[in-house]
Amino acid sequence: MGDSPASGADTVAAIGEFGLIRRVTEGTPQPSTTLLGPGDDAAVVAAPDGRVVVTTDALVEGVHFRLDWSTPTQVGRKAVAVNLADIAAMGAVPTSVVVALACPGDTPAAVVTELLEGMAAEARRVHVGVVGGDMVRADNMVVSVTALGDLGGRPPVTRSGASPGDIVAVCGRLGWAAAGLAVLGRGFRSPVSVVNAQRCPDPPYAAGPAAALAGATSMIDVSDGLLADLGHLAESSGVGIDVQTDRLTVAERLVDVGAALGADPMHWVLTGGEDHALAATFRSLSDLPEGWCPIGSVVTSEVGVTVDGLPYEREAGWQHWT
Ligand SMILES: Nc1ncnc2c1ncn2[C@@H]1O[C@H](COP(=O)(O)OP(=O)(O)OP(=O)(O)O)[C@@H](O)[C@H]1O
Ligand SMILES: Cc1ncc(C[n+]2csc(CCOP(=O)(O)O)c2C)c(N)n1
Ligand SMILES: [Mg+2]
Ligand SMILES: [Mg+2]
Ligand SMILES: [Mg+2]
């Protein structure tokens, strides 16, 4: 599964760049919004409302995933999912995905094909195609995805539209991937529910456009941690946000894992990234679409995020390089 380099005929180096491209693109079905798919210098995709939403995020082996923790399929799914979550966080629906893969030459070709199949599978969940990509040599694996999306005629839901008096709400899981990371980091492989949440998120894609339709005033996906990402909303909007911990449910599974590892599960909920829940603000409680839960409010205090009215003393979320 990638932890022992393959030798012989079926490595990336043996098949070569163009053989590999043929292997992963030929015969791949495309949805009707793909007007011209992989194989030319660029793809052509429909942009139904004349505007295109575009986002990109890269996953790096050893930083975002380990091939002894996750299958190539899970890594591929995750790489696409984190990007589709950013499209959803704008209130858009995805229209297509392009992918880039860098890996060493002794990577088994099966690792590459499974990874790309995982990407295509996650894209298929939202009825979009992988319409192009790139494959290059590198010392470590890097998977980079660009996703395009469509606003369906609505304005984008930005990070900057929250105002005092708004309700802060979330849709999706919080703390599960962080619990999974803690489990994997200690060398365990179970409970599988939290470990799988770390291996690949299950973002509530449809909740983004639903929030937009319901009049969400701002929105973000939780990639780095709830407090860290609400911090981006607060800063962009120039507001304060207070999170009420009695509004946050800590799943029984997280309580159990926290007890087993001597960790505080509420800390995972407040600061764990990688579940890609959506967090948004709404003018009133009655605006919240199904599946959204109120967790706090936008306040007039200084710009930033508080927890139960107080500053949070620990790290608010993940930061590269610190
Ligand atoms: N090198 C860059 N050049 C231009 N814009 C960038 C660059 N890196 C990040 N940005 C922009 O900065 C903003 C914040 O980026 P960030 O990666 O933190 O957002 P995100 O993808 O929502 O979070 P995450 O990466 O944790 O999933 C985005 O609009 C992104 O496009
Ligand atoms: C092997 C391994 N070590 C650590 C982590 C934890 N981790 C990595 S990136 C990130 C935040 C989102 O990143 P980004 O801001 O780049 O989207 C988190 C919580 C992991 N997933 N795998
Ligand atoms: Mg990003
Ligand atoms: Mg985001
Ligand atoms: Mg992102």
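Given the structure is predicted, the values throughout are model-derived calculations rather than measurements.

Here's the deal with the packing of helix H4 (residues 176–185) against helix H5 (residues 192–199)
It is the contact of H4 with H5, at a shortest axis distance of 7 Å, that shows an interaxial angle of 105°. Between H4 and H5, the crossing angle belongs to the class labelled roughly perpendicular. Side by side, H4 and H5 meet where Trp176, Ala177, Ala179, Gly180, Leu181, Val183 and Leu184 of the first sit next to Ser193, Val194, Val195, Ala197 and Gln198 of the second. When its residues are assigned to classes, the contact of H4 with H5 shows nine nonpolar, three polar and no charged.

Comments concerning the UniProt feature "domain: PurM-like N-terminal" (unreviewed entry) in the protein chain
Those places that UniProt annotates as "domain: PurM-like N-terminal" (unreviewed entry) correspond, in this numbering, to residues 39–149. Summarising residues 39–149: 32% helix, 34% strand, and an end-to-end C-alpha distance of 21 Å.

Thoughts on the layout of surface pockets
Of the voids in this model, the largest pocket is the one considered here, and its volume is about 910 Å³. Lining the largest pocket are 41 residues, with Ser223, Asp224, Gly273, Glu274 and Trp318 positioned closest to its centre. Among the elements that take part in the lining of the largest pocket, H4 stands out by supplying four residues, more than any other. Among the residues making up the lining of the largest pocket, the classes are represented as 14 nonpolar, 15 polar and twelve charged. Split by domain, the residues of the lining of the largest pocket number at least three in each of domain 1 (12–150) and domain 2 (167–307). Computed from the structure, the second largest pocket encloses a volume of approximately 560 Å³. For the second largest pocket, the lining is made up of 27 residues, of which Val24, Thr25, Pro38, Gly132 and Gly133 are closest to its centre. The set of elements that each furnish at least two residues to the lining of the second largest pocket consists of helix H1 (12–25), strand E4 (93–103), helix H3 (109–125) and strand E5 (129–137). Considering every element that reaches the lining of the second largest pocket, the biggest residue donor is E5, with six residues. Here the residues of the lining of the second largest pocket sort into 14 nonpolar, six polar and seven charged.

Some remarks on the side chain of Asp275
Residue placement: Asp275 occurs in the loop between helix H9 (265–271) and strand E10 (278–282). Look at Asp275: it is buried, it has no salt bridge, and the nearest opposite charge is Arg173 at 4.8 Å. Those residues in contact with Asp275 that lie beyond four places of it in its chain are Arg173, Leu174, Gly175, Trp176, Ala177, Ala197, Pro201, Pro203 and Val222.

With respect to the coordination of the magnesium ion (ligand 5)
The magnesium ion (ligand 5) binds to the protein through Asp57 (OD) and Asp86 (OD); the donor distances cover 2.0 to 2.1 Å. Residue classification places Asp57 among the partly exposed residues on the basis of a relative accessible area of 31%.

Some details on the site of ligand 2
In the vicinity of ligand 2 lie 14 residues, with His64, Gln198, Asp224, Glu274 and His320 positioned nearest. In this structure, a nitrogen atom belonging to ligand 2 sits 2.9 Å away from a side-chain N or O atom of Gln198. Glu274 has a polar side-chain atom sitting 2.8 Å from a nitrogen atom of ligand 2. The protein chains hide 86% of the 520 Å² of surface that ligand 2 would expose on its own. When residues of the shell around ligand 2 are assigned to domains, at least three map to each of domain 1 (12–150) and domain 2 (167–307).

Overview of the UniProt feature "binding site: Mg(2+) 1" (unreviewed entry) in the protein chain
The UniProt feature table records "binding site: Mg(2+) 1" (unreviewed entry) at Thr56, Asp57 and Asp134. Checking the named residues against the largest pocket, the ones that line it are Asp57. You can see Thr56 is positioned in strand E3 (residues 53–60). Under the relative-accessibility criterion, Thr56 is labelled partly exposed at 47%. Dropping the residues within four chain positions of it, Thr56 is found in contact with Asn83, Ser144, Val145 and Thr146. A polar contact is formed between the side chain of Thr56 and the backbone oxygen of Val145, at a distance of 2.8 Å.

So, a nonpolar patch on the surface
On the surface, Leu35, Leu36 and Val44 cluster together into a nonpolar patch covering about 260 Å² of accessible area. With respect to the helices and strands, Leu35 occurs in strand E1 (residues 34–36).

Topic: the sheet that holds strand E12 (residues 304–307)
Within a sheet, neighbouring strands are paired by backbone hydrogen bonds and run either parallel or antiparallel to one another. Taken in spatial order, the six strands line up as E8-E10-E7-E11-E9-E12 in an open sheet, and their pairing is mixed. Since the sheet does not close on itself, it has two edges, and those belong to strand E8 (218–221) and E12, each with one partner. Adjacent strand axes in the sheet meet at a mean angle of 25°, parallel and antiparallel pairs treated alike. In the sheet, E8 pairs with E10 via four bridges, with the strands oriented antiparallel. Across the sheet, residue Ser218 finds its bridge partner in E10, namely Thr281. Docked against the sheet, helix H2 (residues 72–89) engages E8 and E10, running at close to 175° with respect to E8.

Cut-offs and rules
Residues numbered from 1 in each chain as written. Chains lettered and ligands numbered in written order. Predicted model: local features only at pLDDT ≥ 70, side-chain atom pairs only at ≥ 80, totals over all residues. Heavy atoms only, no water. Axes fitted to C-alpha atoms, helices over the stretch in contact; angles between N-to-C directions. Helix = DSSP H or I, 4+ residues; strand = E, 2+ residues; numbered from the N terminus. Parallel < 35°, antiparallel > 145°, perpendicular 65-115°, else oblique. Contact = heavy atoms within 4.5 Å. Nonpolar A, V, L, I, M, F, W, Y, C, P; charged D, E, K, R; others polar. UniProt positions renumbered as here; feature names shortened; annotations may be inferred. 1 Å grid on protein atoms, 1.4 Å probe; cavity = no way out; pocket = protein on both sides within 12 Å on 5 of 7 lines; lining within 4 Å. Points joined across faces, edges and corners; volume = space filled by probe spheres on them. Domains from an automatic or database assignment. Buried < 20%, exposed > 50% of the residue type's maximum accessible area, 1.4 Å probe, protein only. Lys, Arg positive; Asp, Glu negative; His and termini not counted. Salt bridge = Lys/Arg side-chain N within 4 Å of Asp/Glu carboxyl O. Donors = N, O, S within 2.8 Å, 3.2 Å for Na, K, Ca; no water. Near = heavy atom within 4 Å. Polar contact = N/O pair within 3.5 Å; in protein donor to acceptor, adjacent residues only side chain to side chain. Areas by Shrake-Rupley, 256 points an atom, 1.4 Å probe, with all protein chains shown as cover. Patch = residues over 30% accessible without salt bridge, like charges linked within 9 Å, V, L, I, M, F, W, Y side chains within 5 Å. Pairing = 2+ DSSP bridges.

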